[in-house]
Amino acid sequence: MPMTEDMSTTASGDPGPSGASGEPSALFDTLQHQVAVFARRAEQTRLGGVGAVRNSMDRAAYLLLNHLDNEGPMGVKALAASMGIDSSTVTRQVAPLVDGGLVSRTSHPEDGRAVVLQLSALGRNRLEEVRAGRRELLKELTGGWSDGDQEAFCRLLTRFNEEIVARQNRLAQSGTPGTDPAES
């Protein structure tokens, strides 16, 4: 991939000139820039996968379906709370999934007034197609990396995401304005 002005790393992945001085601020300048580039590239490709499923499911749909698959059926409020987003956001994002037959709405077995969201068989099949395509894309992108580098990247990216969530939770608990998770 050719280097562009928004990518300040060398082909080996070492920080380019903005991170070369060894100053902590230069390191974080490079890091914040690379996170911004990653966010743009991920959104451009949607890290959707390869083949027929490339770019075939948006981020919100993937995360909702994945969560329902991993955690099982649940109500809108429980789903929103477990994902760290607002109930109205879940309601808005799940509507096209219900319309498309990927998620079903059923009455709660103990409280018929409450609605439970559940991954349908079609949704489970579609999710697995997308997961397989995304796995293939990530294998392709990191294929030249050592197993240790792949594992380290996964571990550090997971840790980075966990730190973002922890920070959002701390800010939300402190009542800091602009920290509504639904905005992110």
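Our subject is the structure that appears above.
Residues numbered from 1 in each chain as written. Predicted model: local features only at pLDDT ≥ 70, side-chain atom pairs only at ≥ 80, totals over all residues. Heavy atoms only, no water.

### What to know about the packing of helix α2 (residues 59-71) against helix α5 (residues 121-142)
Turning to step 1, where the next piece is worked out: Running from N to C, α2 and α5 cross one another at 115 degrees; their axes reach a closest spacing of 10 Å. Taken together, the axis directions place α2 and α5 in an arrangement best described as roughly perpendicular. In terms of crossing hand, the pair formed by α2 and α5 is left-handed. Touching Tyr62, Leu65, Asn66, Asp69 and Asn70 of α2 are Arg124, Leu127, Val130, Arg131 and Arg134, all from α5.
Turning to step 2, where the next piece is worked out: A breakdown of the residues in the contact of α2 with α5 according to their chemical character gives four nonpolar, two polar and four charged. (Axes fitted to C-alpha atoms, helices over the stretch in contact; angles between N-to-C directions. Helix = DSSP H or I, 4+ residues; strand = E, 2+ residues; numbered from the N terminus. Parallel < 35°, antiparallel > 145°, perpendicular 65-115°, else oblique. Left-handed = near helix turned anticlockwise from the far one by under 90°. Contact = heavy atoms within 4.5 Å. Nonpolar A, V, L, I, M, F, W, Y, C, P; charged D, E, K, R; others polar.)

### As for the packing of aromatic side chains
Turning to step 1, where the next piece is worked out: Per the counting criterion, the structure on display carries one aromatic pair.
Turning to step 2, where the next piece is worked out: Aromatic side chains Trp145 and Phe153 sit 5.3 Å apart centroid to centroid with 85 degrees between the ring planes, which places their arrangement in the edge-to-face category.
Turning to step 3, where the next piece is worked out: Residue Trp145 is classed as partly exposed on the basis of its relative accessible area of 35%.
Turning to step 4, where the next piece is worked out: Stacked on the ring of Tyr62, the Lys or Arg Arg134 has its end atom at 4.0 Å from the ring centre. (Phe/Tyr/Trp six-rings, centres within 6.5 Å; stacked < 30°, edge-to-face > 60°. Buried < 20%, exposed > 50% of the residue type's maximum accessible area, 1.4 Å probe, protein only. Lys NZ or Arg CZ within 6 Å of the ring centre and 35° of its normal.)

### Describing helix α6 (residues 147-174)
Turning to step 1, where the next piece is worked out: Relative to the 40 Å expected for 28 residues at 1.5 Å per residue, α6 spans 41 Å between its end C-alpha atoms, a close match to the ideal helical length.
Turning to step 2, where the next piece is worked out: Looking one or two places after α6, you find Gly175, whose phi comes out positive at around 75 degrees. (Expected span 1.5 Å × (residues − 1).)

### Points about the pairing of strand β3 (residues 115-119)
Turning to step 1, where the next piece is worked out: Relative to β3, strand β1 (residues 74-75) runs antiparallel, the two sharing two bridges. By the bridge assignment, Met74 is partnered in β3 with Leu117. (Pairing = 2+ DSSP bridges.)

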